[in-house]
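Spelled out from the first residue to the last, the chains are:
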Amino acid sequence: MTTLNCSATDLLPLLGGSTNATAAANYICARFDVISAKLSDTTYAIDNTYLLFSAYLVFAMQLGFAMLCAGSVRAKNTMNIMLTNVLDAAAGGLSYYIFGFAFAFGAPSNGFIGRHFFGLRDFPSPTVDYSFFLYQWAFAIAAAGITSGSIAERTQFVAYLIYSSFLTGFVYPIVSHWFWSGDGWASASRTDGRNLLFGSGVIDFAGSGVVHMVGGIAGLWGALIEGPRMGRFDRNGRSVVLRGHSASLVVLGSFLLWFGWYGFNPGSFLTISKSYGTGEAYYGQWSAIGRTAVTTTLAGCTAALTTLFGKRLMAGHWNVTDVCNGLLGGFAAITSGCAVVEPWAAIVCGFVAAWVLMGCNKVAEKLKYDDPLEAAQLHGGCGAWGVFFTGLFAKEAYVVQVYGRPGRPYGLFMGGGGKLLAAQIIQILVVFGWVTATMAPLFYALNRLNLLRISSEDEMAGMDLTRHGGFAYVYHDAEDHSHISGFKLRKVEPTSSSPTLDHDLPSSTGV
């Protein structure tokens with residue numbers, strides 16, 4: 001922030017230059033310095049409080065993930081998926097503290113990896129404080145939570161421990177360093193202001209690529225290497241829907257995630273008190289934060305409605321689970337460009353994101369790919385679209401406000417040329433390649449060591465019973481009648497003749 005200074009030498013001529021004037025000038029400047037220091041302290045306090053509040057909102061998304069995951073799996077695996085969500089936060093917290101934050105933001109460093117702040121040593125510094133660490137940790141565990149949904153209902157507990165620690169401690173931090181650190185080779189906010197990728201750097205403001213693509217692609221490889229759940233496809237290769245046991249939990253989780261996204265996207269400004277110096281006192285970073293919340297909302301709402309009517313045309317019914325996934329797909333897509341696009345562009349983003357998600361689900365079904373939460377399609381597919389979308393619709397004025405340096409490239413469709421779009425495409429390719437090169441071998445090694453997938457007997461019985469000591473609650477899965485003894489349910493077929501209503505029968509009394 002700008003420092004306010006007072007010089008007694010400059011003030012003295014205005015007071016007449018006498019001895020008393022010198023004392024008065026010194027006194028006034030001393031008081032002024034005290035007020036200036038208080039204003040500076042207040043500004044730092046406001047910004048840190050804003051960032052801490054945003055971190056709490058992003059962390060609350062873990063509860064949303066837990067509810068969404070629990071509702072999307074069958075009841076016999078509820079305790080297991082809830083425990084993995086707790087594990088993502090706990091294991092991720094330690095690994096990010098010891099290694100992850102240093103790899104991501106340990107400046108000064110090179111363009112590939114950070115080299116300072118291991119275990120938060122020499123922390124805080126003039127550039128980062130504890131609130132920043134907490135905020136970035138909440139992002140890291142969000143990426144791990146995305147992956148857990150892809151491999152739900154069939155993964156050994158030890159595999160969760162290993163992949164979650166590796167993802168949050170190494171894979172994710174390297175990506176966040178490349179695109180978010182002031183030293184990252186593709187970052188749009190490099191501290192030197194030079195050597196930007198294509199003169200622009202990658203604009204991934206809140207992480208469509210850094211968070212959502214990383215988690216989604218990691219989940220893609222985990223699910224591919226594990227294979228589909230038992231019964232997901234019949235002997236003829238046709239898809240069999242294994243419905244989650246609670247649409248109520250899915251809706252609850254979706255609303256919690258929606259609420260948390262207001263910390264995820266607007267919170268990525270990190271500060272709120274910055275003025276843009278436009279001469280309009282009412283307009284500053286606080287206004288950009290409000291606009292970011294609006295673009296986030298519009299993208300999610302548009303995607304939800306598009307999915308509602310799109311699935312109605314494709315499947316012939318209104319499905320609340322599909323609508324919730326569409327909503328989240330819109331949020332995942334707008335996360336990249338939420339701060340640099342107009343509200344009307346966010347509607348375009350959400351509309352296309354819904355069709356990207358539905359298209360990815362069709363491809364997954366054709367390829368016999370099983371993802372209980374559609375996490376790879378939603379976060380990987382819609383996240384990639386969001387990164388690409390930013391290269392098309394980023395507005396020049398907003399790009400300059402957020403990243404500084406006038407004259408830098410902006411969206412292709414907004415008249416800014418193709419350099420930003422080229423940088424965005426580079427990010428999509430690099431993130432896919434990096435996560436594939438790190439997570440695919442890890443899942444393959446776990447699979448070869450028989451540490452990845454549970455036995456078929458455990459999968460049929462459910463992991464709550466076989467691995468966690470009992471069921472989460474009394475339940476009745478629609479496709480599971482193993483707990484019923486003594487009789488067998490059968491489907492009731494209508495008779496060939498239409499039933500006769502009682503009031504149509506002739507009365508024996510002749511009335």
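### Observations regarding the environment of His 177
Right, on to step 1. In this structure, His 177 sits in helix α5 (residues 157-180).
Right, on to step 2. His 177 sits 63 residues away from Gly 114 along the chain, and the two C-alpha atoms are 7.0 Å apart.
Right, on to step 3. Reaching out from His 177, the side chain makes a polar contact with the backbone oxygen of Ala 104 at a distance of 2.8 Å.

### With respect to the nonpolar core
When a protein is soluble and globular, its nonpolar side chains tend to lie buried together.
Right, on to step 1. Counting 120 residues, the largest nonpolar core has Tyr 172, Val 211 and Val 340 as its most contacted members.
Right, on to step 2. With 12 residues, helix α4 (residues 130-150) is the largest single contributor of residues to this core.
Right, on to step 3. In contact with Val 211, other than residues within four places in its own chain, are Phe 139, Ala 142, Ala 143, Ile 146, Tyr 172, Trp 180, Ala 206 and Phe 264.

### As for α4
Turn by turn, an α-helix covers 3.6 residues, leaving residues three or four places apart pointing in a common direction.
Right, on to step 1. A rise of 1.5 Å per residue sets the reference length of α4, with its 21 residues, at 30 Å; its end C-alpha atoms lie 32 Å apart and thus fit the reference within 8%.
Right, on to step 2. Burial of α4 is extensive: 19 of the 21 residues sit out of reach of the surface.

### Description of the environment of Val 86
Right, on to step 1. Residue placement: Val 86 occurs in helix α3 (residues 78-105).
Right, on to step 2. In this structure, the C-alpha to C-alpha distance between Val 86 and Leu 63, residues 23 residues apart in sequence, is 9.1 Å.

### Focus: a nonpolar patch on the surface
Right, on to step 1. A surface patch of nonpolar side chains, amounting to about 420 Å² of accessible area, comprises Leu 83, Val 86, Phe 157, Val 158, Leu 161 and Ile 162.
Right, on to step 2. Among the secondary structure elements, those contributing two or more residues to the nonpolar patch are α3 and α5.
Right, on to step 3. A relative accessible area of 53% means that Val 86 is categorised as exposed.

### A closer look at the packing of helix α10 (residues 343-366) against helix α11 (residues 375-393)
Right, on to step 1. Running from N to C, α10 and α11 point in directions that differ by 145°, and their axes come no closer than 9 Å. Both α10 and α11 take part in a crossing whose hand is right-handed. The residues of α11 that touch α10, namely those facing Trp 344, Ala 345, Ala 346, Val 348, Cys 349, Val 352, Ala 353, Val 356, Leu 357, Cys 360, Asn 361 and Ala 364, are Gln 377, Leu 378, Gly 381, Cys 382, Trp 385, Phe 389 and Phe 393.
Right, on to step 2. Partitioned by chemical class, the residues of the contact of α10 with α11 number 16 nonpolar, 3 polar and no charged.

### Details of the layout of surface pockets
Right, on to step 1. One number sums up the size of the largest pocket: a volume of about 1,600 Å³.
Right, on to step 2. Taken together, 44 residues line the largest pocket, and the ones lying closest to its centre are Thr 127, Phe 132, Phe 269, Leu 270 and Thr 271.
Right, on to step 3. Taken together, the residues that form the lining of the largest pocket break down as 22 nonpolar, 17 polar and 5 charged.
Right, on to step 4. As a volume, the second largest pocket reaches approximately 930 Å³.
Right, on to step 5. Looking at the second largest pocket, it is lined by 35 residues, and the ones nearest its centre are Arg 232, Val 241, Lys 311, Asp 322 and Glu 374.
Right, on to step 6. Of all the secondary-structure elements, those providing two or more residues to the lining of the second largest pocket are α2 (19-72), α7 (247-264), α8 (285-315), α9 (320-334) and α10.

Criteria and thresholds
- Residues numbered from 1 in each chain as written.
- Predicted model: local features only at pLDDT ≥ 70, side-chain atom pairs only at ≥ 80, totals over all residues.
- Heavy atoms only, no water.
- Helix = DSSP H or I, 4+ residues; strand = E, 2+ residues; numbered from the N terminus.
- Polar contact = N/O pair within 3.5 Å; in protein donor to acceptor, adjacent residues only side chain to side chain.
- Core = buried A, V, L, I, M, F, W, Y, C linked by side-chain atoms within 4.5 Å.
- Buried < 20%, exposed > 50% of the residue type's maximum accessible area, 1.4 Å probe, protein only.
- Contact = heavy atoms within 4.5 Å.
- Expected span 1.5 Å × (residues − 1).
- Patch = residues over 30% accessible without salt bridge, like charges linked within 9 Å, V, L, I, M, F, W, Y side chains within 5 Å.
- Areas by Shrake-Rupley, 256 points an atom, 1.4 Å probe, with all protein chains shown as cover.
- Salt bridge = Lys/Arg side-chain N within 4 Å of Asp/Glu carboxyl O.
- Axes fitted to C-alpha atoms, helices over the stretch in contact; angles between N-to-C directions.
- Left-handed = near helix turned anticlockwise from the far one by under 90°.
- Nonpolar A, V, L, I, M, F, W, Y, C, P; charged D, E, K, R; others polar.
- 1 Å grid on protein atoms, 1.4 Å probe; cavity = no way out; pocket = protein on both sides within 12 Å on 5 of 7 lines; lining within 4 Å.
- Points joined across faces, edges and corners; volume = space filled by probe spheres on them.

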